[in-house]
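# Tertiary structure, described
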Amino acid sequence: MIEQKLFEYIKQVIASGPADIVSEEFESISHSSFELVEPREIDEDEDEDEEEDDEEWEDLSRYIGSVNLFIAAALVCDEVTQGRSLQKLNKTDSVKFESAWRSVINQLKDERFIRETQPVAHSKIKLVVDNDKLPNIGA
């Protein structure tokens, strides 16, 4: 259902640096329920002297962010609906998307590219951003 070229691009999106969806309103972070089977490559330019960081990197090197999956799903949706706006989508489009997305996930699992993870209890964190230190873009 999805062309191989798009499927390979989806794999790149999923394997890229993880990012999660953060809701400041609800003070929550959406976590993915999948991880990479093979860890990401470690940048050889970084300092590899600290062994404690190696264990933490091993955990994070497999992590797939919820944003990564969201973008991958958006690419599948765009392909299936031929780029139509959300207002023009119907129930058939929704069914087609769900089927295509399940197919992509199953193919990624069959290729041993991703695997499902168990839900993990995450400690509560608060995201603090100092907007005064952000670059002024397009002002």
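This text goes with the structure placed above it.
Read on for a plain summary of the structure. Keep in mind that this is a model prediction, so the values were computed, not measured.

Definitions and limits used
Note on numbering: residues in each chain are counted from 1, in written sequence order. Totals for whole chains, interfaces and linings use all residues, but because this is a predicted model, local features are given only for residues with pLDDT of at least 70 and pairs of side-chain atoms are given and counted only at 80 or more. As a rule here, side-chain values cover all heavy atoms of the structure and leave hydrogens and water aside. The secondary structure listing takes helices from DSSP runs of H or I that are at least 4 residues long and strands from runs of E that are at least 2 residues long, numbered from the N terminus. When checking whether two residues touch, look at their non-hydrogen atoms; a contact exists if any pair is within 4.5 Å. In these tables, accessible area is a Shrake-Rupley quantity obtained with a 1.4 Å probe, and a residue counts as shielded only by the protein chains included in the view. N or O atoms within 3.5 Å of each other form a polar contact, as long as, within protein, one can give a hydrogen and the other can take it, and as long as residues adjacent in sequence are counted only when both atoms are side-chain atoms. Every axis in this analysis is a line fitted to C-alpha atoms, fitted for helices over the stretch in contact. Angles between the N-to-C directions lie between 0 and 180 degrees. Under this scheme an angle from 65 to 115 degrees is roughly perpendicular, one under 35 degrees roughly parallel, and one over 145 degrees roughly antiparallel; angles in between are oblique. Handedness of a helix crossing follows the sense of rotation of the near helix relative to the far helix, less than a right angle counterclockwise being left-handed and clockwise being right-handed. Each residue is assigned to one of three groups, with Ala, Val, Leu, Ile, Met, Phe, Trp, Tyr, Cys and Pro labelled nonpolar, Asp, Glu, Lys and Arg labelled charged, and all others, Gly among them, labelled polar. Accessible area is worked out with a 1.4 Å probe on protein chains only. A residue is then buried under 20% of its type maximum, exposed over 50%, and partly exposed in between. By definition here, a salt bridge exists when the distance from a side-chain nitrogen of Lys or Arg to a carboxyl oxygen of Asp or Glu is within 4 Å.

### Considerations on the overall build of the chain
Assigned secondary structure in the chain consists of 4 helices and 4 strands. Listed by position from the N terminus, the elements making up the chain come as α-β-β-β-α-α-α-β. Put simply, of all contacts in the chain between residues at least 6 apart along the chain, 75% involve residues at least 24 apart. Here the chain has roughly 10,800 Å² of accessible surface; of this, 49% comes from carbon and sulfur atoms.

### Quick notes on the side chain of R40
Topologically, R40 is positioned in the loop between β3 (34-36) and α2 (51-60). A polar atom in the side chain of R40 sits 2.7 Å from the backbone oxygen of Y63.

### Section: the packing of helix α3 (residues 66-80) against helix α4 (residues 91-110)
Two elements in contact, α3 and α4, have axes separated by 9 Å at closest approach and are oriented at 130°. As summarised for this structure, α3 and α4 are arranged oblique, according to the angle between their axes. Relative to α4, the crossing made by α3 is right-handed. For the pair α3 and α4, the contacting residues are L69, A72, A73, V76, C77 and V80 in the first and D93, K96, F97, A100, W101 and V104 in the second. Its residues assigned to classes, the contact of α3 with α4 shows 10 nonpolar, no polar and 2 charged.

### Regarding the environment of P18
Position of P18 relative to the elements: it lies in the loop between α1 (4-15) and β1 (21-23). Relative accessible area serves as the criterion here: at 39%, P18 is assigned to the partly exposed category. With 42 residues separating them in the primary sequence, P18 and L60 have C-alpha atoms 8.6 Å apart.

### Brief notes about the pattern of salt bridges
Under the criterion given, the structure shown has 6 salt bridges. We note a salt bridge from K11 to E8, for which the minimum N-O separation is 4.0 Å. Highlighted residues: K11 and E8, both in helix α1, separated by 3 residues, approximately one helical turn. Assessed through its relative accessible area of 16%, K11 is described here as buried. For R84, the salt bridge goes to D93, with nearest N and O atoms at 2.4 Å. Look at R84 and you get partly exposed, because its relative accessible area is 32%. Because the salt bridges share partners, they merge into one network encompassing E8, K11 and E111.

By themselves, these are just geometric observations and shouldn't be taken as functional.
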